[in-house]
Amino acid sequence: MNKDSSIWEENLIRSAKCVRVCMLNSLPDPVHCEHPLSPALERGLTDFYARHKRVIKLYTALKSTVAIILAAILSLSVWLTIDGNARADFARWVRVIYKDSIVYQFFGEKSNKMLPDYLIGFVPQGYFVETVYQSETSYSAVYARPNNPNDAFVFEYFFAADGAQTQLLLEEEEYLHEKIIINGLPGDLYLCASGKNSNNLLWFDERHDVILSIDSYADKSVILHIAESVYLKDSPK
Amino acid sequence: MLIYLQMMDSTEDKDKFEAIYLAYRGLMFHVANQILHNQQDAEDAVHQAFLSVIKNLDKISDVQCPKTRSFLVIIVERKAIDLLRKSHFKDSIPLDDDIAGIEVPLPGDHGLADALASLPARYREILLLRFDNGYSAKELAEILNMSRDSVQKLIWRAKEALTKAMERGEC
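> Could you clarify how one ought to interpret the overall build of chain A in this entry?
Within chain A, the secondary structure is distributed over 4 helices and 12 strands. For chain A, with 237 residues in total, the buried portion stands at 42%. Restricting the contact set of chain A to residue pairs at least 6 apart, pairs at least 24 apart contribute 50%. Here chain A has roughly 13600 Å² of accessible surface; of this, 55% comes from carbon and sulfur atoms.

Dropping the structure here:
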């Protein structure tokens with residue numbers, strides 16, 4: 001991000017605060033607008049609560065299944081002791097499919113490592129990095145074309161530690177699912193059948209406990225080309 | 001509130017939610033009613049907003065701070081607009097981006113802040129959540145129930161709209 005955009009963002013932060021103050025000043029003090037909500041407000045809550053419970057139950061069941069499988073495999077302690085990297089070879093996530101979304105839930109200890117730097121070797125012509133969000137545990141970059149802001153793709157990755165999850169919203173669209181191998185790493189590709197929503201590719205670098213993803217309207221071959229070009233900064237391409 | 005509370009596991013969460021509920025339900029109803037002009041619909045919007053609050057309780061650190069108040073106003077404003085859009089009047093309502101939410105007075109700087117305050121609700125909301133509340137794209141995706149890609153595109157479009165408003169000197 002250049003200096004201009006940094007100044008722009010600082011101004012935006014100041015202005016946003018200004019707008020927030022004006023917005024809140026224009027509203028009554030919460031103490032003075034007490035409104036007893038009617039019993040009708042509770043309508044639908046029972047259904048929601050039941051659904052919430054079902055989701056928790058499904059999640060718990062899956063988590064238990066994974067725990068049992070892991071426990072069984074971990075009992076092979078000799079093998080695990082001999083080959084320290086073996087643990088990384090286990091699939092430590094669960095894919096839960098709901099009516100309107102697919103959720104990946106991750107298991108495993110929180111990594112004390114630094115988040116690796118992955119770089120894209122192939123960026124389709126005309127795209128440039130528009131925005132980058134980075135934290136200690138995640139990285140996300142939007143690549144866009146200058147004259148066509150809607151034609152963007154997002155490359156992101158984050159630690160797949162215990163409790164982390166990523167959700168793919170299906171938005172009532174039909175998706176075609178394919179198991180994919182990216183440079184030897186397993187992954188899932190979701191192609192939106194109608195083309196109205198973006199396509200999603202997720203793949204898993206278990207050696208570094210990182211999940212990577214590309215979200216793009218581009219077709220399958222372009223997405224795979226981008227994904228296959230991703231490499232670790234300190235490793236040879 | 002009992003059912004809301006049953007949906008949470010820890011005592012700390014329950015206490016936090018109870019404090020939010022008691023402090024802001026009236027304000028949230030006021031905001032929703034400003035947009036919907038119908039008590040029952042406004043309550044539905046408040047209900048939807050509280051369900052969203054439960055799912056995103058971890059993103060609220062201080063119940064009493066102005067940013068929390070702003071967050072709740074924005075959430076209920078969004079739910080009210082969504083409800084309005086889905087209502088049986090939807091065919092006569094313009095595109096979502098043009099639906100005005102609550103009326104935000106111009107700060108009076110004749111610049112960026114005025115332009116931001118005058119943006120359509122959807123753009124103003126995402127920019128306030130991003131740049132005032134400081135939520136990441138991932139957090140915003142969870143709060144707004146959108147994909148991260150959609151959030152980042154919305155931020156992009158909001159910035160574009162802001163730039164155009166500045167260039168046109170609308171404020």
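Moving on from the coordinates now.
> Explain empty space enclosed by the protein to me, please; I cannot follow it from the model alone.
Over the atoms, a rolled probe matching the size of one water molecule traces out where space is still vacant. Counting across every chain of the model gives 2 cavities of 30 Å³ or more. Roughly 40 Å³ of volume is contained in the second largest cavity. Taken together, Glu130, Thr131, Tyr133 and Val142 of chain A together with Gln152, Ile155, Trp156 and Lys159 of chain B form the lining of the second largest cavity. Those elements that provide at least two residues to the lining of the second largest cavity are strand E4 (128-134) of chain A together with helix H8 (148-168) of chain B. Among the elements that line the lining of the second largest cavity, the one with the most residues is H8 of chain B, at 4 residues.

> Please explain the packing of helix H3 (residues 39-55) of chain B against helix H4 (residues 66-86) of chain B as it appears in this structure.
Packed helix pairs are specified by the crossing angle of their axes together with the interaxial distance, meaning the distance between the axes. Residue and element names in this part refer to chain B. Put simply, H3 and H4 touch, their axes get as near as 8 Å, and they point 125° apart. In terms of orientation, H3 and H4 fall into the oblique class. Handedness of the H3/H4 crossing: right-handed. Where H3 abuts H4, its residues Asp41, Asp44, Ala45, Val46, Gln48, Ala49, Ser52 and Val53 lie against Leu72, Ile75, Val76, Lys79, Ala80 and Leu83. Among the residues forming the contact of H3 with H4, the class breakdown is 9 nonpolar, 2 polar and 3 charged.

> Just checking my understanding: could you explain unusual backbone geometry for this structure?
Most peptide bonds take the trans configuration, and most residues that are not glycine carry a negative phi. Unlike most non-glycine residues, asparagine 183 of chain A shows phi in positive territory, near 50°. When you line up the elements, asparagine 183 of chain A lands in the loop between strand E8 (175-182) and strand E9 (185-192). Although it is not a glycine, histidine 37 of chain B adopts a positive phi angle of roughly 55°. Among the secondary structure elements, histidine 37 of chain B is positioned in the loop between helix H2 (11-36) and H3. Classification of histidine 37 of chain B as exposed rests on a relative accessible area of 66%.

> I keep staring at the pairing of strand E11 (residues 210-216) of chain A and nothing clicks. Help me out?
Each regular strand shows side chains that alternate between the opposite faces of the sheet. Residue and element names in this part refer to chain A. Most of E11 sits inside the fold, with 7 of its 7 residues counted as buried. Here E11 shows a buried face lined by Val210, Leu212, Ile214 and Ser216 and a second buried face lined by Ile211, Ser213 and Asp215. Bridge analysis of strand E10 (residues 199-205) against E11 gives 7 bridges, and the strand direction is antiparallel. In the strand pairing of E11, asparagine 199 is matched with serine 216. Taking the residues between adjacent antiparallel strands as the criterion, E10 and E11 are bridged by 4 residues, where aspartate 209 takes a positive phi near 55°.

> Explain the packing of aromatic side chains here, please?
Residue and element names in this part refer to chain A. The final tally for this structure, using the stated rule, is 10 aromatic pairs over all chains. Relative to phenylalanine 155, the ring of tyrosine 139 has its centre 6.4 Å away and its plane inclined at 65°; by these criteria the two rings are edge-to-face. With a gap of 16 residues between them, tyrosine 139 in strand E5 (residues 138-145) and phenylalanine 155 in strand E6 (residues 148-159) connect regions that are remote in the sequence. According to the relative accessible area criterion, tyrosine 139 is buried, its value standing at 14%.

> What is the right way to look at the confidence of the model for chain A in this model?
Detailed reading of the predicted coordinates is not advisable wherever pLDDT is low. Residue and element names in this part refer to chain A. With 58% of its residues at a pLDDT of at least 70, chain A reaches an overall mean of 71. Mean pLDDT values over the elements of chain A span from 35, in helix H3 (residues 77-82), up to 94, in helix H4 (residues 220-228). Low confidence marks residues 42-91, where pLDDT is under 50. Its contacts with residues over four positions away, or in another chain, come to 42 contacts.

> I'm lost on the pattern of salt bridges in this one. Help?
Between side chains of opposite charge, a pair can form as their charged atoms come close. Under the defined criterion, the tally for this structure stands at 12 salt bridges over all chains. Between glutamate 156 of chain A and arginine 148 of chain B there is a salt bridge, with the nearest N and O atoms lying 3.2 Å from each other. With glutamate 156 of chain A in strand E6 and arginine 148 of chain B in helix H8, the pair connects residues from two separate chains. Taken individually, glutamate 156 of chain A and arginine 148 of chain B each receive the classification buried, so the pair is uniform in this respect. A cluster of three or more residues bridged by salt bridges with shared partners is formed by Asp58, Lys59, Lys138 and Glu142 of chain B.

> Which parts of the structure should I look at to understand H3 of chain B?
In an α-helix there are 3.6 residues to a turn, and that puts residues three or four apart on one side. Residues and elements named next belong to chain B. The first and last C-alpha atoms of H3 sit 25 Å apart over 17 residues, in line with the 24 Å expected at 1.5 Å per residue. Along H3, the residues classified as buried are Ala42, Glu43, Ala45, Val46, His47, Ala49, Phe50, Leu51, Ser52, Val53 and Ile54. One side-chain oxygen at the N-terminal end of H3 lies 2.9 Å from the backbone nitrogen of glutamine 40; it belongs to asparagine 38.

> Hey, could you run me through the side chain of histidine 208 of chain A in this one?
Structurally, the position occupied by histidine 208 of chain A is in the loop between E10 and E11. With sequence-adjacent residues up to four places away left out, histidine 208 of chain A is seen in contact with Lys113, Pro116, Tyr118, Phe159 and Leu232 of chain A.

> It is not clear to me how the packing of helix H6 (residues 121-132) of chain B against H8 of chain B should be interpreted in this structure. Could you clarify?
Residue and element names in this part refer to chain B. Where H6 contacts H8, the two axes come as close as 9 Å, and the packing angle between them is 110°. The angle between the axes of H6 and H8 places the two elements in the roughly perpendicular class. Residue-level inspection shows Arg122, Tyr123, Ile126, Leu127, Arg130 and Phe131 of H6 in contact with H8, the latter providing Val151, Leu154, Ile155, Arg157, Ala158, Lys159, Ala161 and Leu162.

> It is not clear to me how the pairing of E8 of chain A should be interpreted in this structure. Could you clarify?
Residue and element names in this part refer to chain A. Strand direction decides the pairing type here: E8 and E9, joined by 8 bridges, are antiparallel. Paired with isoleucine 180 across the strands is glycine 187, a residue of E9. Turn length for the E8-E9 hairpin, with the two strands adjacent in sequence and antiparallel, is 2 residues, and the turn residue asparagine 183 shows positive phi of about 50°.

About the cut-offs
- Residues numbered from 1 in each chain as written.
- Chains lettered and ligands numbered in written order.
- Predicted model: local features only at pLDDT ≥ 70, side-chain atom pairs only at ≥ 80, totals over all residues.
- Heavy atoms only, no water.
- Helix = DSSP H or I, 4+ residues; strand = E, 2+ residues; numbered from the N terminus.
- Buried < 20%, exposed > 50% of the residue type's maximum accessible area, 1.4 Å probe, protein only.
- Contact = heavy atoms within 4.5 Å.
- Areas by Shrake-Rupley, 256 points an atom, 1.4 Å probe, with all protein chains shown as cover.
- 1 Å grid on protein atoms, 1.4 Å probe; cavity = no way out; pocket = protein on both sides within 12 Å on 5 of 7 lines; lining within 4 Å.
- Points joined across faces, edges and corners; volume = space filled by probe spheres on them.
- Axes fitted to C-alpha atoms, helices over the stretch in contact; angles between N-to-C directions.
- Parallel < 35°, antiparallel > 145°, perpendicular 65-115°, else oblique.
- Left-handed = near helix turned anticlockwise from the far one by under 90°.
- Nonpolar A, V, L, I, M, F, W, Y, C, P; charged D, E, K, R; others polar.
- Pairing = 2+ DSSP bridges.
- Phe/Tyr/Trp six-rings, centres within 6.5 Å; stacked < 30°, edge-to-face > 60°.
- pLDDT = per-residue confidence, 0-100.
- Salt bridge = Lys/Arg side-chain N within 4 Å of Asp/Glu carboxyl O.
- Expected span 1.5 Å × (residues − 1).
- Polar contact = N/O pair within 3.5 Å; in protein donor to acceptor, adjacent residues only side chain to side chain.

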